[in-house]
Structures are given as structure tokens and as C-alpha cells.
Amino acid sequence: MTRRAIVAANWKMNGDSALVNTMVSGLNNVELQDNVNVVICPSAPYLSALVVKAKEDKLNAAISIGAQNVSEHDNGAFTGEISTKMLQELSVEFVIIGHSERRCLYHETSTQAAHKVKAALNAGLTPILCIGESEAERATEQTETVLASQLQPVIDEVGIEKFIDVVIAYEPVWAIGTGKTASSEMAQETHQFIRQFLAKANENVAAKVPLLYGGSVNASNCEELFAQPDIDGGLIGGASLHVEQFKVICSAAKGK
Ligand SMILES: O=C(CO)COP(=O)(O)O
């Protein structure tokens, strides 16, 4: 087996203390296949409660906690930002970087995402780097150009060898929160492009990087998506807020 599978929950700006408790309790008896990691990424105010509850309940070691964003700066006058050190202090292990909502709504660039990936790696956090094209970009056959333009600045910034510690989430913007999932064939084709793009820089690294699919993944479509040869799990939005649905998705993932 070369690659672990990862199912990451991106709660976005949803959830509350009650969800922290029900999710941890619910995940206590989740059945995971071999070589699978589950990552829960709540809003920052709930990170601490999640860490405490996970410890109290002796949650399966395969289940980790992640943040939804991090600053590229170490510290200083950056109101509202969170540093890698703060996440480390909370025992957070993963961080989502460059989500399309950060790119579209808060104008984050691929260069900034590259700096954030570097900061995360330097702090021993695993970045979940999000990339994906818009509907208009796919319609005009720019998908591969867009994905390459989102990946290349990160490769240039940290070096391809460091991607061994990076997780990539391919999330077509048009599939996020819309119920319009990419077909498993389309998702596989794009994941294969991403892996081949990485392989041009380093084949060994490319073979080991987990590539997650995100965009309207649910309990009904996860199995088919995860069965694709280059899809190593998912980044789950809406369905990750429902414990039973999320457990089904976690159980469908398998290392490859
Ligand atoms: O953006 C996503 C996860 O980061 C996907 O969201 P949905 O699963 O709600 O489409």
C-alpha cells in the first residue's frame, strides 16, 4: 500500500458545542478500513473543545483535528489571524489552505497559499491544499491550466520533495455546496492530471501524495468516488455536519 486515505470534515462556519460532542461520541465506534485518517476541521473557536473531548473520550488515534485556515506570518499585528504556533499549542495536526471560499471571498492568491503551506510545513502541520476550477473555467477548457497555476507556486515555494507531507484536495468550485458532484470519471480524470503534473517534478512523491475529492460528497456517492484509482478520500462540507452520514463516508475510504 503506498497511500493512506483521508476523509476530512470541513465544517466551514457551521457547527456548535453540541456538534463537537455528538461528533466525537459518534466517531467513537466508527469502522475504518486500513490506512485511513479522519480529520475534523471545525471553526477555530471549537478547536480547543474538540481536542479536549477527543482526549476525554480516548478517540481512535486515526482521527485527528485540523484548522480551516492559518496565517503565513509567525506573529504580529494581524487582527483576526491565527498562527501555526497557536495551532501547534492546541495539538492541531492538519490545516486547510487555499479553500476556494478563501480564494473567492477573501481574495487569497496561490502565492499566499504557497506561503501558508510553507509556514504549516515548518511548524509540522499537514497542509490540505485546496485547488479547483470554476464552472466557467471548465466550460472553456481551462481546468488543467488553472490547476497547474494553483499548484506551481506552491511547488516553487516549498520544493516538490516537501509534498510528501502535503495533502491535496481537488474541489471543483461548481460542485461545492451545489449538489452537483463531478462524475466519478470526471473526478478521476482530473485527479490523474494532478498526479501526473506532480510526477513531472517527482514521480516517487506524486505516487504518495493523497489526493482528496471535494464537492457535494455524500453517503450515497462516496463509495464510487473513493473507488477511483487516484482518489484517496474526500474533503466533506455539508455532509460532515451530520454524524451518521459522515460515518458512512469515513467507512467507505480505504488506503491504496
Ligand atoms: O467545500 C467543500 C469542502 O471543503 C465541499 O463542500 P460540500 O461538501 O458542502 O459541497
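In this text the structure is predicted, and so the values were computed from the model without any measurement.

**Q** How should the environment of Thr 84 be read in this particular structure?
**A** Along the chain, Thr 84 turns up in helix α3 (residues 84–89). You can call Thr 84 buried: its relative accessible area is 9%. The spatial distance from the C-alpha of Thr 84 to the C-alpha of Ser 110 is 19 Å, given a sequence separation of 26 residues. With residues up to four places along the chain from it excluded, the contact list for Thr 84 reads Val 70, Ser 71, Ala 119, Ala 120, Ala 123 and Leu 125.

**Q** Teacher, can you tell me more about the packing of aromatic side chains here?
**A** Each aromatic ring pair is summarised here by two numbers: the centre-to-centre distance and the angle between the ring planes. Applying the stated criterion across every chain, the model contains two aromatic pairs. For the pair Tyr 170 and Tyr 213, a centre-to-centre distance of 6.3 Å together with 55° between the ring planes defines the contact as tilted. You can see Tyr 170 sitting in strand β6 (residues 167–170) and its partner Tyr 213 sitting in strand β7 (residues 211–214), a full 43 residues away along the chain. Taken individually, Tyr 170 and Tyr 213 each receive the classification buried, so the pair is uniform in this respect. With a centroid separation of 6.0 Å and an interplanar angle of 40°, the aromatic rings of Phe 193 and Phe 197 are classed as tilted. Of this pair, Phe 193 and Phe 197 both sit in helix α8 (residues 184–201), four residues apart, which is roughly one turn of the helix. Comparing Phe 193 with Phe 197, the two get one shared label, buried.

**Q** What should I look at first to understand the site of the ligand in this one?
**A** Residues in close proximity to the ligand include Asn 10, Lys 12, His 99, Glu 171, Ala 175, Ile 176, Gly 177, Gly 215, Ser 216, Leu 235, Gly 237 and Gly 238, which together make up its full environment. Within the contact set of the ligand, an oxygen atom lies 2.8 Å away from a backbone nitrogen or oxygen of Gly 238. Compared with its free state, where it exposes 310 Å², the ligand has 95% of that area covered by protein. The class makeup of the residues in the shell around the ligand is three nonpolar, seven polar and two charged.

**Q** What is the right way to look at the nonpolar core in this model?
**A** Taken as a class, soluble globular proteins show a tendency for nonpolar side chains to be buried jointly. Residues Ile 40, Phe 163, Ile 168, Ile 194, Phe 226 and Phe 246 are the most contacted members of the largest nonpolar core, which totals 72 residues. The greatest single-element share of this core, amounting to six residues, is contributed by helix α7 (residues 143–158). Counting 12 residues, the second largest nonpolar core, distinct from the first, contains Val 39, Phe 94, Val 167 and Leu 235.

**Q** In this structure, what is going on with the UniProt feature "binding site: substrate" (unreviewed entry) in the chain? I would like to understand it.
**A** Summarizing the sequence annotation, UniProt attributes the feature "binding site: substrate" (unreviewed entry) to Asn 10, Trp 11, Lys 12, Gly 177, Ser 216, Gly 237 and Gly 238 in the numbering used throughout. Spanning 229 residues, the named residues form one tight spatial group whose C-alpha atoms are at most 13.8 Å apart. Positionally, Gly 177 belongs in the loop between β6 and α8. Classification of Gly 177 as exposed rests on a relative accessible area of 77%. Note that Gly 238 resides in the loop between β8 (233–236) and α11 (243–252).

**Q** Could you clarify how one ought to interpret the sheet that holds β6 in this entry?
**A** In a beta sheet, neighbouring strands pair by backbone hydrogen bonds and run either parallel or antiparallel. Around the barrel, eight strands lie side by side as β1-β2-β3-β4-β5-β6-β7-β8; this closed barrel has parallel pairing. Across the sheet, the axes of successive neighbouring strands diverge by a mean angle of 25°, strand direction being ignored. In the sheet, β6 pairs with β7 via three bridges, with the strands oriented parallel. The residue bridging Tyr 170 from the neighbouring strand is Tyr 213, located in β7. Here α8 sits on the sheet and contacts β5 (126–131), β6 and β7; the angle it forms with β7, its principal contact strand, is near 145°.

What counts as what
Residues numbered from 1 in each chain as written. Predicted model: local features only at pLDDT ≥ 70, side-chain atom pairs only at ≥ 80, totals over all residues. Heavy atoms only, no water. Helix = DSSP H or I, 4+ residues; strand = E, 2+ residues; numbered from the N terminus. Buried < 20%, exposed > 50% of the residue type's maximum accessible area, 1.4 Å probe, protein only. Contact = heavy atoms within 4.5 Å. Phe/Tyr/Trp six-rings, centres within 6.5 Å; stacked < 30°, edge-to-face > 60°. Near = heavy atom within 4 Å. Polar contact = N/O pair within 3.5 Å; in protein donor to acceptor, adjacent residues only side chain to side chain. Areas by Shrake-Rupley, 256 points an atom, 1.4 Å probe, with all protein chains shown as cover. Nonpolar A, V, L, I, M, F, W, Y, C, P; charged D, E, K, R; others polar. Core = buried A, V, L, I, M, F, W, Y, C linked by side-chain atoms within 4.5 Å. UniProt positions renumbered as here; feature names shortened; annotations may be inferred. Pairing = 2+ DSSP bridges. Axes fitted to C-alpha atoms, helices over the stretch in contact; angles between N-to-C directions.

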